[in-house]
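# Remarks on the overall topology
Chain by chain, the residues:
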Amino acid sequence: MQIWLRGSGNTLRLPVLPSEYSVTGKQNNTVVTVNGFGEVLLKGRRGLFEVSFSCFFPKKYNSSYCEYRGYPSPSSCVHMLNQMKEEGHVKLVITGVPVSLYAEIEEFTWGENDATGDICYSLTLREDRKPSIPVSVLTMEQTAQGSAESSNAGRSEPETKAPTTYTVKSGDCLSAIARKLTGSANWKALYEQNKGVIGSNPNLIYPGQVLVIPGG
């Protein structure tokens, strides 16, 4: 397993893997009470993922716990992470699991607690998921607005059409989803639309991921 952080022009592979890490994801469900029936759970949209772990940046290489030689100094590692925190939109990759998402560094705590020169730290990242609207929806809305303005009829503007989404199920692949929802097995547009959710490998999608359908 490897853990990579990329952002603000820097690329950092953690020289020492944390003993553990946690990934938290919420579903934003709502519980309502129905008269004469009781409580009912209304399924909501998924929340943002949060990833956190603690470890240290070693001053000297030790083959028993260091992942590779030639890693940046502890102070350089701290500097890079502070830059990523300030400039934002960090790509987090954990191989082997896999985890691949864009995130913002919510909290970065670091310091020394012995005389070895090692720097201990704790890091919390929250998914940076940007909203996306299919081009076809924008085109339709702009055309409708242009017609209304030219006619000067005083009609209200049409409601903005919400993009169609699809929740990945077990056994799904991009080509099958594209064929089911668009009538074409061409999955490339679907992948480009959801690259921030899927990551760098279009063949790896997982149940529960919510994909935006182009032109939905």
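Up top is the structure these notes are about.
Let me begin by describing the structure that accompanies this report.

## Points about the pattern of salt bridges
The final tally for this structure, using the stated rule, is 5 salt bridges. Two residues, Arg13 and Glu67, come together in a salt bridge whose shortest N-O distance is 3.9 Å. Here Arg13, found in strand E2 (residues 10–13), pairs with Glu67, found in the loop between strand E6 (50–57) and helix H1 (74–87); they are 54 residues apart in sequence, far enough to count as distant. Taking relative accessible area as the criterion, Arg13 reaches 18% and is therefore assigned buried. Note that Arg46 is salt-bridged to Glu127, the shortest N-O span being 2.9 Å. Here Arg46 is found in the loop between strand E5 (38–42) and E6, whereas its partner Glu127 is found in strand E9 (residues 119–127), with 81 residues between them in sequence. Judged by relative accessible area, which is 8%, Arg46 ranks as buried. Residue class for Glu127 comes out buried when judged on its relative accessible area of 7%. Bridged by salt links that share partners, the residues Glu50, Glu106 and Arg126 form one connected network.

## Topic: unusual backbone geometry
Residue Pro98 is reached from Val97 by a cis peptide bond, and omega for that bond is -10 degrees. Note on placement: Pro98 falls in the loop between strand E7 (90–94) and strand E8 (99–111). Positive phi values are uncommon outside glycine, yet Ser8 reaches one of about 50 degrees. Following the sequence through the fold, Ser8 ends up in the loop between strand E1 (3–7) and E2. With a relative accessible area of 23%, Ser8 lands in the partly exposed category. In this structure, Asn28 is a non-glycine residue whose phi angle is positive, near 55 degrees. One can find Asn28 in the loop between strand E3 (21–24) and strand E4 (30–34).

What counts as what
Sequence positions are assigned chain by chain, starting from 1 and proceeding in written order. With the structure being a predicted model, the display of local features is reserved for residues of pLDDT at least 70 and the display and counting of side-chain atom pairs for 80 or more, all residues being used for whole-chain, interface and lining totals. Where side-chain values are given, they derive from all heavy atoms of the structure, hydrogens and water being excluded. Salt bridges are counted wherever a side-chain nitrogen of Lys or Arg sits within 4 Å of a carboxyl oxygen of Asp or Glu. Per the convention used, a helix needs a DSSP run of H or I reaching at least four residues, while a strand needs a run of E reaching at least two, with both numbered from the N terminus. Each residue's exposure class comes from its accessible area (1.4 Å probe, protein chains only) as a fraction of the maximum for that residue type: buried when under 20%, exposed when over 50%, partly exposed otherwise.

Purely geometric numbers; function is a separate question.
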